[in-house]
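The residues making up each chain are set out below.
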Amino acid sequence: GIRDAQESRGLGDVYKRQLRALADWRDGQERDLHQDMMRLTMRIVSKALFDTEVGEAVDEVGAAISAAIEIANAKFTCLFQIPRWLPTRENRRERAALAKIDALMRCFIQERRALAREQLEQRRDLLSMLLLAVDEDGAGGMTNQQARNEVCTLFLAGHETTAVTLSWACCLLAQHPHAQARLREEARAVLGGRPPTTRDLPRLTYTGQVIREALRLYPPAWITPREAQQDAQIGDHLIPRGAVVFVSPWVSHHDGRYFPQPDAFMPERWTEAFEKELPRGAYFPFASGPRVCIGNTFALMEAQLILAIIAQHFELELAPGQRIEPEPLVTLRPRHGVRMRLRAKAA
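Since the structure is predicted, the reported quantities are computational estimates derived from the model, not experimental observations.

Calculation rules
- Within every chain, residues take consecutive numbers counted from 1 along the sequence as written.
- Given that this is a predicted model, residues contribute local features only at a pLDDT of at least 70 and side-chain atom pairs are listed and counted only at 80 or more, while totals for whole chains, interfaces and linings are drawn from all residues.
- The side-chain numbers reported here are obtained from all heavy atoms of the structure, hydrogens and water having been left aside.
- Secondary structure elements follow DSSP: runs of H or I of four or more residues count as helices, runs of E of two or more count as strands, with numbering from the N terminus.
- Residue contacts are counted whenever heavy atoms from the two residues lie within 4.5 Å of one another.
- The Shrake-Rupley method, run with a 1.4 Å probe sphere, supplies the accessible areas, and residue values consider only the shown protein chains as cover.
- Each reported salt bridge corresponds to a side-chain nitrogen of Lys or Arg within 4 Å of a carboxyl oxygen of Asp or Glu.
- Relative accessible area decides the class of each residue, using a 1.4 Å probe on protein chains only: under 20% of the type maximum gives buried, over 50% gives exposed, and in between gives partly exposed.
- Every angle, taken between N-to-C directions, lies between 0 and 180 degrees, and every axis is a line fitted to C-alpha atoms, over only the stretch in contact when it is a helix.
- Working rule for angles: under 35 degrees goes down as roughly parallel, over 145 as roughly antiparallel, 65 to 115 as roughly perpendicular, anything else as oblique.
- Take the far helix as the reference: if the near one is turned anticlockwise from it by less than a right angle, the crossing is left-handed, and if turned clockwise, right-handed.
- Any residue with an atom within 4 Å of a point lines the site, the site being either a cavity, points on a 1 Å grid over the protein atoms alone where a 1.4 Å probe fits but cannot get out, or a pocket, an open set with protein on both sides within 12 Å along at least 5 of 7 lines.
- Grid points are joined across faces, edges and corners, and a volume is the space filled by probe spheres set on the points.
- In the scheme used here, Gly and all other residues not listed as nonpolar or charged are polar, with Ala, Val, Leu, Ile, Met, Phe, Trp, Tyr, Cys and Pro taken as nonpolar and Asp, Glu, Lys and Arg as charged.
- Among buried residues, those of type Ala, Val, Leu, Ile, Met, Phe, Trp, Tyr and Cys that are joined through side-chain atoms within 4.5 Å constitute a nonpolar core.
- Think of it this way: DSSP has to see at least two bridges between two strands before they count as a pair.

A. Examining the overall build of the chain more closely. Secondary structure assignment for the chain yields 13 helices and 9 strands. Taking contacts inside the chain between residues at least 6 apart in sequence as the whole, the part at least 24 apart equals 70%. Carbon together with sulfur atoms contributes 52% to the accessible area of the chain, which is approximately 17900 Å² in total.

B. Inspection of the pattern of salt bridges at higher detail. Enumeration according to the criterion identifies 24 salt bridges in this entry. For Arg212, the salt bridge is made with Glu275, and the minimal N-O distance between the two is 3.8 Å. Linking Arg212 in helix α10 (residues 205–217) with Glu275 in helix α12 (residues 272–277), this pair joins segments that are 63 residues apart in sequence. Under the relative-accessibility criterion, Arg212 is labelled partly exposed at 27%. Relative accessible area serves as the criterion here: at 37%, Glu275 is assigned to the partly exposed category. A salt bridge links Asp255 to Arg257; its shortest N-O distance comes to 2.6 Å.

C. Layout of unusual backbone geometry. Phi at Gln261 is positive, roughly 50°, even though this residue is not glycine. Within the secondary structure layout, Gln261 lies in the loop between α11 (249–253) and α12. Of note, the phi angle at Ala287 is positive, near 70°, even though the residue is not glycine. Residue placement: Ala287 occurs in the loop between α12 and α13 (296–313).

D. Structural context of the packing of helix α8 (residues 144–175) against α13. Here α8 crosses α13 at 40°, and the two axes come no closer than 10 Å. When the interaxial angle is binned, α8 and α13 end up oblique. α8 and α13 meet at a crossing whose hand is right-handed. For the pair α8 and α13, contact is made by Gly158, Thr162, Leu166, Ala169, Cys170 and Leu173 and by Ala299, Glu302, Ala303, Ile306, Leu307 and Ile310, respectively.

E. Representation of the layout of surface pockets within the structure. What the largest pocket holds in volume is close to 1400 Å³. Contributing to the lining of the largest pocket are 48 residues, with Thr153, Ala157, Thr161, Ala221 and Val330 lying nearest its centre. Contributing elements (two or more residues each) for the lining of the largest pocket: α4 (58–76), α5 (89–113), α8, α10, β2 (224–227) and α13. It is α8 that contributes the most residues to the lining of the largest pocket, 12 residues altogether. In terms of residue class, the lining of the largest pocket is built from 32 nonpolar, 9 polar and 7 charged.

F. Spotlight on the nonpolar core. Formed by 47 residues in total, the largest nonpolar core has its most connected members in Trp25, Met37, Val210, Leu307, Ile310, Leu316 and Met340. With 10 residues, the single largest contributor to this core is α8. Leave out the neighbours within four places in its chain, and Leu316 touches Leu33, Cys170, Ala174, Gln180, Ile310, Met340, Arg341 and Leu342. One finds Ile65, Met105, Leu131 and Ala147 within the second-largest nonpolar core, a separate group that totals 28 residues.

G. How the structure looks around empty space enclosed by the protein. Enumeration over the complete set of coordinates arrives at 1 cavity of 30 Å³ or more. Looking at the largest cavity, the residues that line it are Leu173, Gln180, Leu183, Arg184, Ile310, Ala311, Phe314 and Leu316. Among the elements of the structure, α9 (177–191), α13 and β6 (314–318) are those that each provide at least two residues to the lining of the largest cavity. Residue classes in the lining of the largest cavity are distributed as 6 nonpolar, 1 polar and 1 charged.

H. Representation of the sheet that holds strand β1 (residues 30–32). The 3 strands are arranged β1-β9-β6 in an open sheet whose pairing can be described as antiparallel. If you trace the sheet from one side to the other, it starts and ends with β1 and β6, each paired once. Strand-to-strand twist across the sheet, computed as the mean angle between neighbouring axes with direction ignored, equals 40°. Summarising the sheet, β6 and strand β9 (residues 339–344) pair through 5 bridges and their orientation is antiparallel. Bridge pairing in β9 places Glu317 opposite Arg341. Where helix α3 (residues 33–50) meets the sheet, its contacts fall on β1, β6 and β9, and the angle it forms with β1 comes to roughly 55°.

Structure (structure tokens):
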């Protein structure tokens, strides 16, 4: 799965190639870090899934993804559903956005199908693995449509949620200078000015705590639907088979019974002892149970490495007049972006 792909390609190698996206950051610049993170994570997930880059299409594809998410959210919250076949402005916009994403995915699949099996076996990206996979009895592999569905889900979720997590982490650090200084000191002590690799992750303890706390305060997947497969009793409530129940990490993560000072940014709370004491279901930024996000390990590693690199080289300040406001779409994006002023620091 995705874990095999990330290990075979090597996240360290991915970052050496992809973090050039941050190379144009300059001292004193004011930038929208949310847009920067969206571009960066899209390049990284493209490398891991397809062993290629979206290149110049990154902004175009990013705009299509944003449009699809906004439209999906509008339809989700609409009382009356308009049939998709009606040529309304919103339906046309949705079809155009999905067609752009679909064309990119199918292009990658067609390129792989054109390879001989021996060539395909030499590649270690996730798409190649999916196309090589067969049923347990050895008969039949994935159709193009099945492969498209799998990689499209991983592509969309694999960059969006990580970018949102990093955006909120940067926003929180800019509002808490002491935490940002501690993060920078850890990066300096552990890395000594060199780029981080996956081997450094166990020693980047505070960096990991910052990511976990950002996921607690602003979980990207802030609400998740689940359909009851059978009648269930929860407290005084009977949940009939077929009913859809919404569970919200946002609500659970701000519950003072489990998280003292639930609205405070306290990365240091994430000790091993604290995590062991948390009851199951109190903290679930990647969902839980058999449908837990399969990319959770990849996302945590990716976010931790990127944040360590940023901490090495820059101090982040919120731009004057920046409004911090969550926008509960399909993911919990910052409504007005995350405009930051960069202050260069020696690694």
